[in-house]
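Descriptive analysis of the structure
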Amino acid sequence: MRPRTRKLWLVLHIASAGAWLGIDVLVAVLVAAGLLGGSAERRGLALRALGTFVWWPMLTSALICLITGLVLGWGTKWGLIRYWWVAVKLVLNLTLCTLILLALRPTMAEAIAYGAGTQAVIDRTALFMPPIVSLTALSLATVLSVYKPWGRTAKALYPARR
Ligand code: HEM
């Protein structure tokens, strides 16, 4: 990949990762505001906003991060499974995308109903877990990206490219 092309993909990659992290922080704020303290009106507002506006921008930024990461891996010396730091990020990204669809998204209708003051019951743990798990995994991915630890996965199979 040409240096200028690589930089463009890298900008998109870092921007989408940053957007994803920001949305995660927003989820943490809305879950905390919706389930802990404050007036019933404020809690309801937070939960309805959480249920309505969050999962799809989060999935979009996660997929852009994944696609740009794949392009960077394929197009540079780093490869996709040639270095541990990239391979682990790939697993983290795929796992988080699956969790957004299978764990976060299904709880959103409940959050809206609960926030609207209906008799709906809400699984508090199911709402607290996504921001905790996702923020931890994304922080780890960011640290891996910067420090690039652990070297190559299998030196014989994937010799370093210049
Ligand atoms: C899980 C979320 C991810 C986050 C938060 C993240 C974050 C970052 C950041 C901040 C950088 C810039 C590091 C630097 O320039 O020193 C980077 C670079 C990179 N990322 Fe990711 N990334 C993620 C997922 C992925 C995935 C899924 C892949 C590929 C399978 C990937 C492949 C790469 C590669 C190859 C680079 C180096 C590009 C280069 O310098 O040419 N990333 N990532």
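Cut-offs applied
Residues numbered from 1 in each chain as written. Predicted model: local features only at pLDDT ≥ 70, side-chain atom pairs only at ≥ 80, totals over all residues. Heavy atoms only, no water. Helix = DSSP H or I, 4+ residues; strand = E, 2+ residues; numbered from the N terminus. Buried < 20%, exposed > 50% of the residue type's maximum accessible area, 1.4 Å probe, protein only. Core = buried A, V, L, I, M, F, W, Y, C linked by side-chain atoms within 4.5 Å. Near = heavy atom within 4 Å. Polar contact = N/O pair within 3.5 Å; in protein donor to acceptor, adjacent residues only side chain to side chain. 1 Å grid on protein atoms, 1.4 Å probe; cavity = no way out; pocket = protein on both sides within 12 Å on 5 of 7 lines; lining within 4 Å. Sits in = over half its atoms within 2 Å of the grid points. Patch = residues over 30% accessible without salt bridge, like charges linked within 9 Å, V, L, I, M, F, W, Y side chains within 5 Å. Areas by Shrake-Rupley, 256 points an atom, 1.4 Å probe, with all protein chains shown as cover. Salt bridge = Lys/Arg side-chain N within 4 Å of Asp/Glu carboxyl O.

In the annotation of an unreviewed UniProt entry, the entry for the protein chain reads DUF2269 domain-containing protein, and the organism field reads Paractinoplanes durhamensis.

Here we look at the environment of threonine 52
Its place among the elements puts threonine 52 in helix H2 (residues 40–53). For threonine 52, a relative accessible area of 36% gives the class partly exposed. With 102 residues separating them along the chain, threonine 52 and alanine 154 place their C-alpha atoms 44 Å apart.

Focus: the nonpolar core
Trp20, Val27, Leu50, Val54, Met58, Ile100 and Leu127 are the most contacted members of the largest nonpolar core, which has 27 residues in total. Contributing elements (two or more residues each) for this core: helix H1 (3–35), H2, helix H3 (55–75), helix H4 (84–115) and helix H5 (124–147). Counting residues per element, this core draws most heavily on H4, which supplies 7 residues.

Considerations on the site of the ligand
Close contacts around the ligand come from 24 residues, with Arg6, His13, Lys89, Ser145 and Lys148 the closest. Between histidine 13 and the ligand, the recorded distance is 2.8 Å, taken from a side-chain N or O atom to a nitrogen atom. In this structure, an oxygen atom belonging to the ligand sits 2.9 Å away from a side-chain N or O atom of lysine 148. Among the cavities detected, the one that contains the ligand is the largest pocket.

Structural notes on a nonpolar patch on the surface
Together, Leu99, Met129, Ile132 and Val133 line one region of the surface with nonpolar side chains, adding up to about 320 Å² of accessible area. Among the elements that make up the nonpolar patch, the one with the highest residue count is H5 (3 residues). With respect to the helices and strands, isoleucine 132 occurs in helix H5. Take isoleucine 132: its relative accessible area is 48%, and that puts it in the partly exposed class.

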